[in-house]
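Summary of structural features
Take a look at the letters that make up each chain.
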Amino acid sequence: MGRTREAGCVAAGVVIGAGACYCVYRLTWGRDESEKIWDGDDEEDDEEEESIDIVETGVKTGKGAKANAGMGTGARLQGEAKVKAEVGMELQSGSDVKAAAQVGVQSGGGLEAKAKALFNTLKEQASAKAGRGARLSTISGNRTLAPSLPCPGGRGGGCHPTRSSRVGSRASGKTKGRTRGKSTRTPATAWPVRRGKFNFPYKIDDILGASDLQKVLNILERSNDPFIQEIALVTLGNNAAYSFNQNAIRELGGLPIIAKLIKTKDPIIREKAYNALNNLSVNAENQGKIKTYISQVCDDTMICRLDSAVQMAGLRLLTNMTVTNHYQHLLSYSFPDFFALLFLGNYFTKIQIMKLIINFTENPAMTRELVSCKVPSELISLFNKEWDREILLNILTLFENINDNIKNEGLASSKKEFSRSSLFFLFKESGVCVKKIKALANHNDLVVKVKVLKVLTKL
């Protein structure tokens with residue numbers, strides 16, 4: 001099969017070379033286009049090939065068989081030239097077996113010179129496309145195909161013919177188009193850096209020293225990219241969970257840099273800033289710095305989207321800031337908003353807002369302001385047994401603390417100064433709240449039942 005294929009390639013070269021001569025003839029004398037010289041599918045192959053020549057090759061074999069294959073192709077040009085091609089191949093066996101394929105092309109008159117000129121043009125075009133600068137040598141009328149040129153009938157220099165030269169041409173064109181597209185593409189490292197591609201110098205869970213924390217703070221202060229700001233805030237927030245870094249961030253001037261971002265409109269950035277300040281607020285000295293921003297945090301938390309992540313982060317920060325009694329008076333104006341959020345929020349918001357209010361109930365100095373604020377009457381629904389243990393334990397604790405403070409502060413005797421929509425009236429005077437608590441004495445949860453009995457004994 002290998003020798004037959006090689007012989008076929010040689011024959012195809014002869015046929016297509018003759019076709020090139022025919023093209024010169026047609027261009028020169030303008031014969032009728034309907035005249036057909038070639039038969040069958042060879043016509044498509046002749047039109048598509050650009051670099052064709054006659055190949056002289058030698059084949060060696062170790063077998064003892066002998067075979068002769070001959071092929072002749074001739075094309076007669078009217079009144080001007082005759083082209084004859086003969087292909088001969090002999091295979092001989094022995095110690096030095098040699099096989100040669102000989103090809104002869106004969107042409108007459110000035111047509112041969114024109115054919116040579118066309119061939120040289122086709123050769124230059126093929127060499128320019130291949131980019132190899134192949135050189136073609138002409139030896140006594142027999143032209144040898146340069147090794148750098150592709151074999152006839154193959155795609156990309158291969159010697160296996162394709163189904164159709166036109167299909168191969170289209171595929172080659174598409175490939176070139178893709179290559180050009182890749183070469184003109186903008187490098188991936190071009191500025192600006194796209195979101196998610198910034199190479200942050202640290203991992204968000206790395207425990208950093210003072211010098212590294214300073215670098216992160218510098219990045220956070222200088223960058224306006226939300227993605228970089230988010231990564232830097234998360235890194236600082238994670239490091240702020242350690243007491244030694246809480247002091248370091250404050251000493252490096254990091255609190256104002258972080259607090260500046262709570263004014264941004266991006267809710268994700270605000271959430272990460274709240275989380276970082278929340279971890280830093282565990283430190284008493286840091287609370288003294290953060291108190292400057294507590295009113296703004298409270299206002300933003302009340303007006304942002306209900307039950308959102310940024311609202312929860314703000315509530316956690318406010319809860320940490322009110323653990324002690326030092327800064328609770330800064331939020332007393334927001335008591336009605338807290339109770340409204342307690343009624344409107346979802347389960348997790350209710351839990352967090354109750355923890356915040358319980359901090360105020362543990363400070364007797366805040367009792368009068370707390371019980372005098374207006375609250376929704378639907379707040380009584382939190383004493384229903386349908387709620388789970390955490391909700392019931394928190395609302396019972398809230399009621400217990402307020403009831404104890406009213407007694408300790410002697411506010412029961414001054415009940416006329418409280419309106420019917422106040423927390424004082426709802427918890428102390430209406431009697432509805434006490435009935436709801438007594439109904440919980442038969443609750444299935446033992447912990448809730450014990451808490452109920454403790455509250456009832458103080459009434």
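The coordinates are above.
Summarised in this report is the structure supplied together with it. Quantities reported herein were computed from a predicted structural model and do not represent experimental measurements.

A count of helices and strands for the chain gives 19 helices and six strands. Each of the 459 residues in the chain was classed as buried or not, and the buried ones make up 39%. Restricting the contact set of the chain to residue pairs at least 6 apart, pairs at least 24 apart contribute 67%. Surface accessibility of the chain: about 26000 Å² in total, with carbon and sulfur atoms responsible for 51%.

Before going further, it helps to spend a moment on the packing of helix α12 (residues 309-321) against helix α14 (residues 347-361). The geometry of α12 relative to α14 is characterised by a closest axis approach of 9 Å and an angle of 20° between their N-to-C directions. The orientation of α12 relative to α14 falls into the category roughly parallel. Where α12 crosses over α14, the two elements pack in a sense that is left-handed. Of the residues in α14, those touching α12 at Gln311, Met312, Leu315, Arg316, Leu318 and Thr319 are Phe348, Thr349, Gln352, Ile353, Lys355, Leu356 and Asn359. Looking at side-chain class alone, the contact of α12 with α14 contains six nonpolar, five polar and two charged residues.

Let us now look at the nonpolar core. Counting 81 residues, the largest nonpolar core has Ile258, Leu277, Phe339, Phe383 and Phe427 as its most contacted members. Ranked by the residues each element gives to this core, the list is headed by helix α16 (residues 389-409), at eight residues. Shared between two domains, this core takes at least three residues from each, and those domains are domain 1 (201-321) and domain 2 (333-458). If we skip the residues at most four places from it in the chain, Phe339 touches Ile357, Leu370, Cys373, Val375, Pro376, Leu379 and Leu423.

Before going further, it helps to spend a moment on the environment of Ile303. Looking at the element boundaries, Ile303 is found in helix α11 (residues 294-303). On the accessibility criterion, Ile303 (68% relative accessible area) is exposed. Expressed as a C-alpha distance, the spacing of Ile303 and Asp337, which sit 34 residues apart in the sequence, is 9.7 Å.

Quick look at helix α9 (residues 267-280) now. Along its 14 residues, α9 runs 20 Å from first to last C-alpha, staying within 8% of the 20 Å computed at 1.5 Å per residue. With 10 of 14 residues buried, α9 lies mostly within the body of the structure. Taken residue by residue, α9 has Ile269, Arg270, Glu271, Lys272, Ala273, Tyr274, Ala276, Leu277, Asn278 and Leu280 as its buried positions. Those residues of α9 hidden inside the fold are in contact with α6 (226-239), α7 (243-251), α8 (254-259), α10 (284-290), α11 and α12. N-cap assignment for α9: the residue whose side-chain oxygen lies 3.0 Å from the backbone N of Ile268 is Asp266.

Take the packing of aromatic side chains next. What the rule picks out here adds up to 10 aromatic pairs. A centroid spacing of 4.9 Å and a plane angle of 85° characterise the contact between Phe335 and Phe360, whose relative ring orientation is edge-to-face. You can see Phe335 sitting in helix α13 (residues 335-344) and its partner Phe360 sitting in helix α14, a full 25 residues away along the chain. Here the aromatic residues Phe335, Phe338 and Phe360 are joined through ring pairs into a cluster of three or more.

Looking now at the pattern of salt bridges. Within this structure, the stated rule accounts for eight salt bridges. Between Lys458 and Glu400 there is a salt bridge; the shortest N-O distance is 2.5 Å. Pair noted here: Lys458 is in the segment after α19 (446-457) and Glu400 is in helix α16, with a separation of 58 residues, a long-range link. With relative accessibility at 5%, the residue Glu400 sits in the buried group.

On to unusual backbone geometry, then. The backbone phi angle of Asp307 is positive, close to 65°, even though this residue is not glycine. Here Asp307 is to be found in the loop between α11 and α12. Taking the relative accessible area as the measure of exposure, Asp307 reaches 26% and is therefore partly exposed.

Closest axis-to-axis distance for the α16/α19 pair is 10 Å, and the angle between their directions is 10°. One finds that α16 runs roughly parallel with respect to α19. In this structure, α16 contributes Arg389, Leu392, Leu393, Leu396, Thr397, Phe399 and Glu400 to the contact, and α19 contributes Val447, Val448, Lys451, Val452, Lys454 and Val455. Split into classes, the residues belonging to the contact of α16 with α19 amount to eight nonpolar, one polar and four charged.

Definitions and limits used
Here the residue numbering is sequential within each chain, running from 1 through the sequence in written order. Reporting in this predicted model follows two pLDDT cut-offs: at least 70 for local features of residues, and 80 or more for side-chain atom pairs to be given and counted; totals over whole chains, interfaces and linings ignore these cut-offs and use all residues. Working from all heavy atoms in the structure, the side-chain values ignore hydrogens and water. Note on conventions: DSSP H or I runs of at least 4 residues are helices, E runs of at least 2 residues are strands, and numbering of each starts at the N terminus. Type-normalised accessible area, obtained with a 1.4 Å probe on protein chains alone, sets the label of each residue: buried when under 20%, exposed when over 50%, and partly exposed for intermediate values. Any pair of residues with heavy atoms lying within 4.5 Å of one another is described as a contacting pair. Per-residue accessibility takes into account occlusion by the displayed protein chains alone, with areas from the Shrake-Rupley method and a 1.4 Å probe. Every angle, taken between N-to-C directions, lies between 0 and 180 degrees, and every axis is a line fitted to C-alpha atoms, over only the stretch in contact when it is a helix. For classification purposes, an angle smaller than 35 degrees is called roughly parallel, one larger than 145 roughly antiparallel, one from 65 to 115 roughly perpendicular, and anything else oblique. Crossing handedness is read from the near helix: turned anticlockwise from the far helix by less than a right angle, it gives a left-handed crossing, and turned clockwise, a right-handed one. In this count, Pro and Cys sit with the nonpolar residues alongside Ala, Val, Leu, Ile, Met, Phe, Trp and Tyr, while Asp, Glu, Lys and Arg are called charged and the others, Gly among them, polar. Take the buried Ala, Val, Leu, Ile, Met, Phe, Trp, Tyr and Cys residues and link them wherever side-chain atoms come within 4.5 Å; each set so joined is a nonpolar core. Boundaries between domains were set according to an automatic or database domain assignment. One less than the residue count of a helix, multiplied by 1.5 Å, gives the span that helix is expected to have. Think of a polar contact as two N or O atoms within 3.5 Å of one another; within protein, one of them needs to be a possible hydrogen donor and the other a possible acceptor, and neighboring residues in sequence only count if both atoms come from side chains. Ring pairs are drawn from Phe, Tyr and Trp, using the six-membered ring of Trp, whenever the two centres fall within 6.5 Å, and their geometry is named by plane angle: stacked under 30 degrees, edge-to-face over 60, tilted for the rest. Salt bridges are counted wherever a side-chain nitrogen of Lys or Arg sits within 4 Å of a carboxyl oxygen of Asp or Glu.

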